[in-house]
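Next come the chains, spelled out residue by residue.
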Amino acid sequence: MELPSRWVFLLFLLLSSTKAFGSEVDKEEFQEELLLKPLPDRKVLAHFHFETRAPPCNSNGLHHHHLFPKSISQMVEKFRVKEMELSFTQGRWNYERWGGFDTMSSNNAKPPGVELWAVFDVPKEQVDSSWKNLTHTLSGIFCASINFLESSSMYSAPDWSFRQASGSLRYGMLPREAVCTENLTPWLKLLPCRDKAGISSLMDRPSIYTSLYYSQRLHLTSIASDLEGLNSGIVLEQTLTVVLHPSRQRTGLTHFSQSYLQPSWSLSSIFGRKVNGRCVLAKSSKVYLQLERGLVSQLKKSENYGADYIASEGYDGEANFELSVNPDRVIKEENSRNGISSSLLYEFSVDKYSNSKPFDLGLTWKFPVIWSCQQAPLHASRFLMGSGNERGAIAILLKSTDLNDSSPVANSAIDGCELRVNIFQVVPWYIRVYYHSLQLFVDDQLKAVGAFVEKIHVMPSKDKISPGMMEMVLKLPCGVKSAALTLDFDKGFLHIDEYPPDANQGFDIPSAAIGFPDFHTSMLFPSNESERKSPMLSKFQESSPVLLYTEVLLVPLTTPDFSMPYNVITITCTVFALYFGSLLNVLRQRVGEKERLLKSKVFYWFDLHVYSAPDLPFLPPFAAAAKTGRLSDLLSRLSAKLRGRSQEPMQSPSESSPSINSKLALKVLLMAALAVAWQYYFG
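This one's a predicted model, so the numbers in the text were calculated from it and none came from an experiment.

## Looking at the confidence of the model for the protein
Part 1 of the reasoning: For the protein, the average pLDDT comes to 81, and 75% of its residues sit at 70 or higher.
Part 2 of the reasoning: The model gives residues 249–257 a pLDDT under 50, and that stretch makes nine contacts with residues more than four places away or in other chains.
Part 3 of the reasoning: Throughout residues 305–318 the model reports pLDDT below 50, and contacts reaching past four residues in sequence, or to other chains, amount to 29 contacts.

Below, the structure written as structure tokens:
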């Protein structure tokens, strides 16, 4: 029996679509990794890295994702996002103690608050509208105030100092944005296993939010597969970087040695949890322990470590430290610069662990060791000068770091080279910076700006329209000890509706980005490890320029007395309450009601005690008067004496009511006039 041609065609479409969907599912990948690294100041760095890849859409232009988050895919397609990065950071990266010349600090050290930048694949006239829609979408996904960046006074468009994007880049920061679990939970929902299984299960909220530094980052890249860029794949990279302070354990060493002994720690001690196996949807799940170059160099010099330990690339329990779990393999970085030791990476695979046998990596130090991280060519800091609420100055200070003779800066200084420094700074519109007042001090001596500035781009701020932006490239001699830039500014005035609830705390100026385009960081691994290298290690092998962020400045502005409206409202309400209360009380009472009530009570008392006892031997005068009918006259005299007035003849209620009614009418008319005047002038 032959099938109709229509059914054959439908069966062919079904088989082809099933094949396409199956191939697309096979291409979707998710990998999870964790990097642990001891720091010189007795802290521990934990860096979570998750990568999800989505293939290009099928021939019908549709995406059918099984691992990749659908909300991110739809956002990229709708707003034509070519590249984007969003970070939530709490605390500030310590460049002096935690390093400033490595891939970790250059890529994952972010400024406090929220930082968002995006590159769009749309015409230039549509970039601003795409940016506004993107901020609203991200605000809804991550439960944050990112939608505040939609205003043109909150974002900027750098040309070349931050990233090369030919006018399609938008950059914005919210320095005061608080980071909490409401931002972490949506971030975890983008993972296939969330925080229920795999390495992400270590993210205990009390542990990570009490850390010294916390930064969650989301970076996505759209990879075009055709010339028009319509059919593209997406690479989503999620990282979480925390700096933890492990608890100190007692040892048998002396107090001097114990003060320099690194604290012993384990996953269960710093996170309160263990890893019960990998995420079933992850292609690979690995944990790395890194010993940086400075630490390896000090361990080589120690007689307790030995040079044979480094050469063998194996694990030795008799070394300066002891691991609770034997590593699967040891990766040694290739030495790219003379005189600098190579870092070591101990790799642990989580695939072979389960609930019955959880993974709990621990590091125990046996002997004290002191080392330092490699620093950036210059240490950057920023501060305010001046006093008062009218004007001031912003100063950026660049100081030379203590580098050894084998560093690139020291080698270049001998040849008389120049050190290039990129400075990117954005200030709010209410900080009116006078860029013509730029002054440059090199080694504490005032220099001509044109002699050291290679390139500069300035966009002055416009009130309530756009912030001020400065992009600059400095050329400094490599042997410079210090360099400082100062800019004068005036403080503007805000409308009362533009002040935040905590206006007396001050206003924040976002961090400035300091880059060194001539210096790049990367980690080189042997070529035979290329087949097994992870996405995180691949990221470390990419050459990235050294980038630093300065402090967030707090500027006090002239703030109105917000208590005055409260005082006015309180006094006004009190006056109105007293006036209307007394007015209603008078309107509700009848004329002479109190007098009649008092007389009735007095007559009742006399009737009960006086008239009911006629045989009393002695009656007081007011009782006799009451018997003779003169009680009312006696009461009127008594009230007149208490008031200090002369006795007036009694009036009937009908005679006094017209005067009282006229007074009430006058009060009502006066109140109505006041209400009309208030509405006219203040309504």
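Text resumes after the structure shown.
## Examining the side chain of Gln216
Part 1 of the reasoning: Locating Gln216 in the fold gives a position in strand β7 (residues 213–224).
Part 2 of the reasoning: A polar contact of 3.2 Å, which involves the side chain of Gln216, links it to the backbone oxygen of Asn183.
Part 3 of the reasoning: In contact with Gln216, not counting residues within four places along its chain, are Leu86, Ser87, Phe88, Asn183, Leu184, Trp187, Thr239 and Leu240.

## Considering a nonpolar patch on the surface
Part 1 of the reasoning: Side chains of Ile571, Val575, Phe576 and Phe580 sit close together on the surface and give an oily, nonpolar patch of about 370 Å² of accessible area.
Part 2 of the reasoning: Tracing the chain through its elements places Ile571 in helix α14 (residues 563–588).

## Description of the state of the cysteines
Part 1 of the reasoning: Per the counting criterion, the structure on display carries two disulfides.
Part 2 of the reasoning: The disulfide that involves Cys193 links it to Cys279, with 1.7 Å between the sulfurs. Its S-S torsion of about 70° marks the bond between Cys193 and Cys279 as right-handed, since a negative value means left-handed. Placement of the pair is Cys193 in the loop between α6 (181–189) and α7 (205–209) and Cys279 in the loop between α9 (267–271) and β10 (284–291), with a sequence separation of 86 residues. Across the pair, exposure class does not vary: Cys193 and Cys279 are buried alike.
Part 3 of the reasoning: In this model Cys417 forms its disulfide with Cys478; the gap between the sulfur atoms is 2.1 Å. Disulfide Cys417 to Cys478: torsion about the S-S bond roughly -95°, handedness left-handed. Here Cys478 lies in the loop between β21 (468–477) and β22 (482–491) and Cys417 lies in the loop between α12 (408–414) and β17 (418–427), a separation of 61 residues in the sequence.

## Regarding helix α10 (residues 293–301)
Part 1 of the reasoning: Considered for burial, the residues of α10 that qualify are Arg293, Leu295, Val296 and Leu299. Down the axis of α10, the buried set is contained in an arc of 160°. They therefore lie on one face.

## Brief notes about the pairing of strand β18 (residues 431–442)
Part 1 of the reasoning: Where β18 meets β22, eight bridges bridge the pair, whose relative direction is antiparallel. Looking at the pairing, Gln439 lines up with Thr486 of β22.
Part 2 of the reasoning: Bridge count for β18 against strand β19 (residues 445–447) is three bridges, and the pairing is antiparallel. Within β19, the residue paired with Phe441 across the bridge is Leu446.

## Section: the packing of helix α2 (residues 70–79) against helix α5 (residues 127–142)
Packed helix pairs are characterised by how far apart their axes lie and by the angle those axes make with each other.
Part 1 of the reasoning: Interhelical geometry of α2 versus α5 gives an angle of 170° and a closest axis separation of 10 Å. With respect to α5, the element α2 is oriented roughly antiparallel. Taken together, the residues of α5 that come into contact with α2 (itself represented by Ser71, Met75 and Phe79) are Ser130, Asn133, Leu134, Thr137, Leu138 and Ile141.
Part 2 of the reasoning: Residues belonging to the contact of α2 with α5 are distributed by class as follows: five nonpolar, four polar and no charged.

## Regarding the packing of aromatic side chains
Part 1 of the reasoning: On inspection of all chains with the given rule, the structure shows 21 aromatic pairs.
Part 2 of the reasoning: With a centroid separation of 6.0 Å and an interplanar angle of 50°, the aromatic rings of Phe88 and Phe142 are classed as tilted. Remark: Phe142 occurs in helix α5 and Phe88 occurs in strand β3 (residues 81–90); sequence separation between them is 54 residues. The pair Phe88 / Phe142 is uniform in exposure class, with both members buried.
Part 3 of the reasoning: Pairing Trp429 with Tyr430 gives two aromatic rings, centres 5.7 Å apart and planes at 75°, and the pair type is edge-to-face.

## Topic: the sheet that holds strand β9 (residues 265–266)
Part 1 of the reasoning: Taken in spatial order, the three strands line up as β9-β14-β11 in an open sheet, and their pairing is antiparallel. The two strands at the open ends of the sheet, each matched to only one other strand, are β9 and β11 (321–323).
Part 2 of the reasoning: Note that β9 and strand β14 (residues 362–365) share two bridges and pair antiparallel. Its bridge partner lying in β14, Ser266 is registered against Gly362.

## Considerations on the UniProt feature "transmembrane region" (unreviewed entry) in the protein
Part 1 of the reasoning: As recorded in UniProt, the feature "transmembrane region" (unreviewed entry) lies at residues 566–587 and 664–682.
Part 2 of the reasoning: Along residues 566–587 one finds 100% helix and 0% strand; the C-alpha atoms at either end are 31 Å apart.

## Thoughts on the environment of Arg278
Part 1 of the reasoning: Looking at the element boundaries, Arg278 is found in the loop between α9 and β10.
Part 2 of the reasoning: Since its relative accessible area comes to 31%, Arg278 is described here as partly exposed.
Part 3 of the reasoning: With 79 residues separating them along the chain, Arg278 and Ile199 place their C-alpha atoms 6.7 Å apart.
Part 4 of the reasoning: Those residues within four positions of Arg278 in sequence are excluded, and the remaining contacts are Glu32, Gly198, Ser285, Val350 and Asp351.
Part 5 of the reasoning: Within the local environment of Arg278, its side chain forms a polar contact with the backbone oxygen of Ala282, the two atoms lying 2.6 Å apart.
Part 6 of the reasoning: A distance of 3.5 Å separates polar atoms of two side chains, one belonging to Arg278 and the other to Asp351.

Criteria and thresholds
- Residues numbered from 1 in each chain as written.
- Predicted model: local features only at pLDDT ≥ 70, side-chain atom pairs only at ≥ 80, totals over all residues.
- Heavy atoms only, no water.
- pLDDT = per-residue confidence, 0-100.
- Contact = heavy atoms within 4.5 Å.
- Helix = DSSP H or I, 4+ residues; strand = E, 2+ residues; numbered from the N terminus.
- Polar contact = N/O pair within 3.5 Å; in protein donor to acceptor, adjacent residues only side chain to side chain.
- Patch = residues over 30% accessible without salt bridge, like charges linked within 9 Å, V, L, I, M, F, W, Y side chains within 5 Å.
- Areas by Shrake-Rupley, 256 points an atom, 1.4 Å probe, with all protein chains shown as cover.
- Salt bridge = Lys/Arg side-chain N within 4 Å of Asp/Glu carboxyl O.
- Disulfide = S-S within 2.5 Å.
- Buried < 20%, exposed > 50% of the residue type's maximum accessible area, 1.4 Å probe, protein only.
- Arc of directions from axis to C-beta.
- Pairing = 2+ DSSP bridges.
- Axes fitted to C-alpha atoms, helices over the stretch in contact; angles between N-to-C directions.
- Parallel < 35°, antiparallel > 145°, perpendicular 65-115°, else oblique.
- Nonpolar A, V, L, I, M, F, W, Y, C, P; charged D, E, K, R; others polar.
- Phe/Tyr/Trp six-rings, centres within 6.5 Å; stacked < 30°, edge-to-face > 60°.
- UniProt positions renumbered as here; feature names shortened; annotations may be inferred.

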